[in-house]
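# Inside the fold
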Amino acid sequence: MKAVVVYEPLWGNTATVARAVAAGLGPDAVALSTAEASPDRVAGADLIVAGGPVFAFQLSSDRARDDIRDHPQAGSPAPDLSAPSLRSWLEGLPEGTALVAGFDTRVRGPFGKGSPTILKQLQAKGYRVVAPPEGFIVQGKYGPLRSGESERAAHWGERLRELVDAARH
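Fair warning: this is a prediction, and the values are worked out from it, not measured in the lab.

Turning our attention to the nonpolar core. Within the largest apolar cluster, 26 residues are counted, with the highest numbers of intra-cluster contacts made by Val21, Leu25, Leu47, Val49 and Leu160. When contributions to this core are tallied by element, the ones reaching two or more residues are strand E1 (3-7), helix H1 (13-25), strand E3 (47-55), strand E5 (99-107), strand E7 (134-138) and helix H6 (149-168). No other element matches the seven residues that H1 contributes to this core. In this view, Leu25 contacts Met1, Ala3, Val5, Leu47, Val49, Gly157, Glu158, Leu160 and Arg161; residues no more than four positions away in its chain are not counted. Among the nonpolar cores identified, the runner-up in size contains 19 residues, and Val6, Ala50, Leu59 and Ile118 belong to it.

Printed below as a string of structure tokens:
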């Protein structure tokens, strides 16, 4: 099974989850930042898993990223703004029929979710959702991930592999 896990890097938490999900999916899975996940690299995937950070109560946007860049908070870690936002990447993704799943990294509590938005955008382009949206918890505004979240992400990757195998047979 060819699987691609695409992530927006920002503070590194989403990248960590993406790599863990890819490990759970198996040796044919690769985790790519939105800068690396060109249409050619995603083409032919049996499964596309897309993930991004929640910022300002929603999936990170170009406007939120501009605000992060233009108004850095004292003592906050430097964000990685070198890759496009996941929203922009999703907008540029061609239509398709592959199976998909979505996740986000977020602070625990009523501070928003991004994974439902990811799945809506993918479904609007013809992709087929294989699993409900998933969220992984960061401690504080910038992380790190809460203890055990990387392991939970790997297990979710294993579950996604099972769901894809079942859908293909």
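What follows continues from the structure just given.
Counted at 1.5 Å a residue, the expected span for H1 with its 13 residues is 18 Å, and the 19 Å between its end C-alpha atoms agrees. For H1, the buried fraction is high: ten of the 13 residues fall into the buried class. Among all positions of H1, only Asn13, Thr14, Ala15, Val17, Ala18, Ala20, Val21, Ala22, Gly24 and Leu25 are buried. Packing partners of the buried residues in H1 comprise E1, strand E2 (29-33), E3, E5, E7 and H6.

Turning to the environment of Gln73, a few remarks are in order. Residue position: Gln73 is located in the loop between helix H3 (62-70) and helix H4 (86-92). In the structure, Gln73 is positioned 57 residues away from Val130 in sequence and 38 Å away in space, judged by C-alpha atoms. Apart from residues lying up to four places away in sequence, Gln73 is in contact with Lys141 and Tyr142. A distance of 2.9 Å separates the side chain of Gln73 from the side chain of Tyr142, its partner in a polar contact.

Further remarks concern the packing of aromatic side chains. Under the defined criterion, the tally for this structure stands at four aromatic pairs. Ring centres 6.0 Å apart and planes at 80° place the aromatic pair Phe103 and Phe136 in the edge-to-face group. With a gap of 33 residues between them, Phe103 in strand E5 and Phe136 in strand E7 connect regions that are remote in the sequence. For Phe136, a relative accessible area of 0% corresponds to the buried category. Aromatic rings pair up to connect Phe103, Phe136 and Trp156 into one cluster.

The rules behind these values
Residues numbered from 1 in each chain as written. Predicted model: local features only at pLDDT ≥ 70, side-chain atom pairs only at ≥ 80, totals over all residues. Heavy atoms only, no water. Core = buried A, V, L, I, M, F, W, Y, C linked by side-chain atoms within 4.5 Å. Buried < 20%, exposed > 50% of the residue type's maximum accessible area, 1.4 Å probe, protein only. Helix = DSSP H or I, 4+ residues; strand = E, 2+ residues; numbered from the N terminus. Contact = heavy atoms within 4.5 Å. Expected span 1.5 Å × (residues − 1). Polar contact = N/O pair within 3.5 Å; in protein donor to acceptor, adjacent residues only side chain to side chain. Phe/Tyr/Trp six-rings, centres within 6.5 Å; stacked < 30°, edge-to-face > 60°.

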